[in-house]
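Overview (structure and organization)
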Amino acid sequence: MSDVLARRKRLLGPHVTTFYKEPVHLARGEGVWLWDTDGRKYLDCYNNVPHVGHCHPRVVKAIAKQAATLNTHTRYVHDGILDYGEALTAKFDHDLTSMVMVCSGSEANDVALRMAQAVTGKTGVITTDNTYHGNTSAVSQLNSSKTPIGGFKDHVKRVPAPDNMAPVGGTRAGQAAAFAEAVKSAIAELAASEHGLSALIICPYFANEGFPTLEKGFLDEAVAAVKAAGGIVIADEVQPGFGRIGSHWWGHQKLGFAPDIVTLGKPMANGHPVAATITRPEILTAFQDGFKYFNTFGGNPVSAAAAHAVLNVIEDEGLVANAADVGTYAVAQLKELQTRYDVIADVRGSGLFLGVELWRDGKPATEICTAMIDEMRNRGVLLHSEGRYDNTLKIRPPCAFDRGNADLLVETMNAAFEAVQ
Ligand code: PMP
């Protein structure tokens, strides 16, 4: 292992990150399982990418078949992107019938920001103060933790992210109104600046913010204020999309608002680098009028085949309903665990996107959370952390996760809490 880590450091740079004190050196995956190079088996409870299960045979077959038939850049005409795009956009409401296919969530958000600029002629963006939307030069301006090269510019206004333990405005009941007030102030600041209001970009599940429990309608007032001021609403669905949350295909459907643009990525093709920006036809046209965008690999025949296979598997295997069923089952078990360990301050989530927040003596229990992550890894269950203080265990397994897998997760957590607390 030390040899591999040294090679990584030399080749990929000293700051390339790995999870866990003792990183996991993987060899293969199948379904919800991973095996390391020593043949040790792990339950994957974190990986947002192998959405329908590691190496799903139908996705593997679709990729292999298309790779053996044709793969090329995207300026030839091919049915693959059309067949997939029509099937995908049918999953959206509100005239979101056009798309640009790209290769990463960062690119999808970059395109979304540029679409908003094309429509509004403005550059000011509102986002939350505890988020991540990607790594392009423009998108990294939105991130709260990783400082972009050249520092943060003042066209981005940050509003406090909603939170279960420390709600915006002081109470959970008043959180939506307080959040909307912050958005309205940001709109006013941008309107008074040289930037003007271009967009609000938000993950509708607040995935990087710690996914607080929010009522349907939570964003209504904020979204209405942005639209009334002529701004574009971008829903970054890179993490919650494709049915993970169980109740709906998309996070914005769960909250019940209508974004102008939706960005997708991570789970879209089960690990093949596929992402997209979905929007209304007139927004796409305004964007393309200003810039003849093309993306060499975005939506190529193999990428389209991989993504289409994922869509079909979600449908045919009923994975959205499975996420709802197993997620509800897991939450009940985690709540039972909460009665045994007072360090568990909050259990939350929807479908197969769950959080267990840890507090001790009135403070975020970040160290216990870090210790839990390593303890779980050593016991063969992979998960990680989230939230402003990295004190929430983040559980986000492939959507093929079953009740038996949930039992193993909770039993292992029980033993791990026993060991670390
Ligand atoms: N948006 C969100 C909400 C994300 O969490 C991430 C990645 N963690 C991205 C965008 C960027 O996606 P990618 O790494 O594929 O560029």
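Here, residues in each chain are numbered from 1, in the same order as that chain's written sequence. The predicted origin of the model limits local features to residues at a pLDDT of at least 70 and limits the giving and counting of side-chain atom pairs to 80 or more, whereas totals for whole chains, interfaces and linings rest on all residues.

**Description of the site of the ligand**
Near the ligand, the surroundings consist of 15 residues, among which Ser104, Gly105, Ser106, Gly134 and Val238 are the closest. Elements are defined by DSSP. Helices are runs of H or I of four residues or more, strands are runs of E of two residues or more, and each kind is numbered from the N terminus. For the shell around the ligand, the element with the highest residue contribution is helix α4 (residues 105-120), accounting for three residues. Whether a residue is near a molecule or strand depends on its C-beta atom, placed from the backbone, lying within 6 Å of it.

**Brief notes about helix α10 (residues 319-340)**
Since there are 3.6 residues in each turn of an α-helix, residues three or four apart along the chain are aligned in direction. One less than the residue count of a helix, multiplied by 1.5 Å, gives the span that helix is expected to have. Relative to the 32 Å expected for 22 residues at 1.5 Å per residue, α10 spans 31 Å between its end C-alpha atoms, a close match to the ideal helical length. Three classes are used. A residue is buried when 20 or more other C-beta atoms lie within 10 Å of its own, exposed when 12 or fewer do, and partly exposed in between, with C-beta atoms placed from the backbone. Those residues of α10 that sit buried are Leu319, Val320, Asn322, Ala323, Val326, Gly327, Ala330, Val331 and Leu334. On an axial view of α10, the arc spanned by its buried residues comes to 150°, and they lie on one face. In this structure, α10 carries Ala321, Ala332, Glu336 and Thr339 as exposed residues pointing more than 90 degrees from its buried face. What counts as a contact here is a pair of residues whose C-beta atoms, placed from the backbone, lie within 7 Å. Close packing links the buried residues of α10 with α9 (301-316), β11 (344-350), β12 (353-360) and α12 (403-420). Working note: the arc is built from the helix axis to C-beta atom directions.

**Let's talk about the pairing of strand β1 (residues 26-30)**
Strand direction decides the pairing type here: β1 and strand β2 (residues 33-36), joined by four bridges, are antiparallel. Its bridge partner being in β2, leucine 26 is matched across the sheet by aspartate 36. Once β1 ends, the chain turns through two residues before running back antiparallel as β2, passing glycine 31 with a positive phi of about 60°. Two strands pair if DSSP finds at least two bridges between them.

**Considering the packing of α4 against helix α8 (residues 281-290)**
The angle between two axes is taken between their N-to-C directions and runs from 0 to 180 degrees, where each axis is a line fitted to C-alpha atoms and a helix contributes only its stretch in contact. For the pair α4 and α8, interaxial distance at closest approach is 8 Å and the crossing angle is 90°. Viewed along their axes, α4 and α8 adopt a mutual orientation that is roughly perpendicular. Each of Arg114, Met115, Ala118 and Val119 in α4 lies in contact with α8, whose residues at this interface are Ile283, Ala286, Phe287 and Gly290. Any residue that is not Ala, Val, Leu, Ile, Met, Phe, Trp, Tyr, Cys, Pro, Asp, Glu, Lys or Arg is counted as polar, Gly included; the first ten are nonpolar and the last four charged. For the contact of α4 with α8, the per-class residue count stands at six nonpolar, one polar and one charged. Every angle not falling under 35 degrees, over 145, or within 65 to 115 is termed oblique; those three ranges are roughly parallel, roughly antiparallel and roughly perpendicular.

**Overview of the pairing of β12**
Among the eight residues in β12, six count as buried, and that is most of the element. Where β11 and β12 come together, six bridges link them in antiparallel fashion. Within β12, the position partnered with aspartate 346 by the bridge is glutamate 357. Connecting the antiparallel pair β11 and β12 is a turn made up of two residues, with glycine 351 showing a positive phi of about 60°. Pairing analysis gives four bridges linking β12 to strand β16 (residues 392-395), with the strands arranged antiparallel. Considered in β16, the bridge of valine 356 is made with leucine 393. Sheet topology note: the β12/strand β13 (residues 363-364) ladder contains two bridges and is antiparallel. For tryptophan 359, the partnering residue across the bridge sits in β13 and is proline 364. In textbook terms, the turn of a hairpin is the stretch between consecutive antiparallel strands, and for β12 and β13 this stretch comprises two residues, one of which, aspartate 361, has a positive phi near 50°.

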